[in-house]
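Each chain, written out:
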Amino acid sequence: MKNIFTHPLSWIIISALLLGACTYLPLWIKNDNLRNWVMRWVLVPVSIVLIAYSYPVGIEVFKNIALAWK
């Protein structure tokens, strides 16, 4: 059984959602205190997940695509 977290479609969806959160949350929040809290306690962990998950899984996804390419 294939791991769902290394499936290319789930990788694309998770990466797009996390990148969207990092991009649009600071723009949508107008209150400076709330924006600072969200950036520290929400977006920093989201960015760590992007670094720890999306980068290595992306390498695996594209490696598998390259090896399957004929």
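In this text the structure is predicted, and so the values were computed from the model without any measurement.

Visitor: Describe helix α2 (residues 32-68), and please don't skip the residues or the numbers.
Guide: Maximum bend of α2: about 35°, positioned at Met39. Those residues of α2 that are buried lie in contact with α1 (8-28). Between a side-chain oxygen at the N-terminus of α2 and the backbone nitrogen of Asn33 the separation is 3.2 Å; the capping residue is Asn31.

Visitor: Which residues make up the pattern of salt bridges, and what values go with them?
Guide: Two side chains of opposite charge can pair, provided their charged atoms sit close to one another. Per the stated rule, a full pass over the model turns up 2 salt bridges. We note a salt bridge from Asp32 to Arg35, for which the minimum N-O separation is 3.0 Å. One end of the pair is Asp32 and the other is Arg35, both in helix α2 and 3 residues apart, which spans about a single turn. Residues Lys63 and Glu60 are paired through a salt bridge, measuring 3.3 Å at the closest nitrogen-oxygen approach. Residue Lys63 and its partner Glu60 are both found in helix α2; the two are separated by 3 residues, about one turn of the helix. A relative accessible area of 40% places Lys63 in the partly exposed class.

Rules used throughout
Residues numbered from 1 in each chain as written. Predicted model: local features only at pLDDT ≥ 70, side-chain atom pairs only at ≥ 80, totals over all residues. Heavy atoms only, no water. Bend = angle between axes of the 7 residues up to and from the residue. Helix = DSSP H or I, 4+ residues; strand = E, 2+ residues; numbered from the N terminus. Contact = heavy atoms within 4.5 Å. Polar contact = N/O pair within 3.5 Å; in protein donor to acceptor, adjacent residues only side chain to side chain. Salt bridge = Lys/Arg side-chain N within 4 Å of Asp/Glu carboxyl O. Buried < 20%, exposed > 50% of the residue type's maximum accessible area, 1.4 Å probe, protein only.

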